[in-house]
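Chain by chain, the residues run as shown.
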Amino acid sequence: MQILALETSTESGSCALWQDGAVIERICPPGRSHSETLLPLVRELLAESGMAIGQLDAIAFDTGPGAFTGLRVACGAAQGLAVAADLPLLPVVSLEAMAAATGAARVLSLLDARMGEVYSASYQRQGDAMVLQGEIRVTAPDNVDLPSADWLACGNALTAYPALAERLGTAGRVLMPAILPEATWLARLGALKFAAGEGIDPALAAPLYIRDKVAKTISERLSEGGRA
């Protein structure tokens, strides 16, 4: 099985190639836009592996939630490559990839949504898969629901909102603030989804936007305690 994965939901973009269980990953250079660096990295990755796009079985991409512009980059790139090579797409949720990366059985994934808010979702491991418990939410840090004490919490929202990290730490949760969505884990989860027949037509691919209102003015963000 050959799965290409594209991840650009945060400032730390990446791409990865799954080849029958072995994964090679490339990280987008910092300080440059994902739209500028992602596809050259994909070409480099495939060339190093001796692969052509047409030899892939599917392409996984981070459907979100995450940065508005970044989500469009991965989705658009995945669609273009998939249409050209007649491949299915495998949408993978950023918070699910984060949960998988922890190696824990029960995970609360927390991604900084900016605007003074947090994307959150709880996952339980079933085999190699991470199964969503409840729904994906975007809330103020104070309104994040805390699962029971045997859950691990991960994600950059723990660094962006220290009060949230303190609340979780006081409640006895293990914290992993350095965890971000990575293409390696998108590829691994994408392989599971492909094996389960979950591929979709490229025309149906779309970013996952949790907010009804994607953009706020600077004055709105500051009035709500967020960052400009």
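This text follows the structure it describes.
Now for a quick tour of the structure. Being a predicted model, the structure only gives us computed values, none of them experimental. (Residues numbered from 1 in each chain as written. Predicted model: local features only at pLDDT ≥ 70, side-chain atom pairs only at ≥ 80, totals over all residues. Heavy atoms only, no water.)

1. Concerning the sheet that holds strand β8 (residues 129-139)
Pairing is mixed in the open sheet, where five strands are placed in the order β8-β7-β6-β9-β10. Each edge of the sheet is formed by a strand with only one pairing partner; in this case those strands are β8 and β10 (174-176). For this sheet, the mean inter-axis angle between neighbouring strands, taken without regard to orientation, is 20°. In this structure, strand β9 (residues 152-154) lies alongside β10, joined through three bridges in parallel fashion. Across the sheet, leucine 152 pairs through a bridge with valine 174, a residue of β10. The strands touched by helix α3 (residues 94-102) within the sheet are β6 (106-112), β7 (118-126), β8, β9 and β10, with β6 carrying the most contacts at an inclination of about 130°. (Pairing = 2+ DSSP bridges. Helix = DSSP H or I, 4+ residues; strand = E, 2+ residues; numbered from the N terminus. Axes fitted to C-alpha atoms, helices over the stretch in contact; angles between N-to-C directions. Contact = heavy atoms within 4.5 Å.)

2. Some points on helix α6 (residues 183-195)
Look at α6: 18 Å from first C-alpha to last across 13 residues, which is about the 18 Å you get at 1.5 Å a residue. Taken residue by residue, α6 has Ala183, Thr184, Leu186, Ala187, Leu189, Gly190, Ala191 and Lys193 as its buried positions. Along its buried surface, α6 packs onto β1 (2-7), β2 (14-19), β3 (22-27), β4 (58-64), β5 (89-93) and α3. Of the residues flanking the end of α6, it is glycine 197, one or two places downstream, whose phi is positive at about 75°. (Expected span 1.5 Å × (residues − 1). Buried < 20%, exposed > 50% of the residue type's maximum accessible area, 1.4 Å probe, protein only.)

In short, geometric facts, not functional conclusions.
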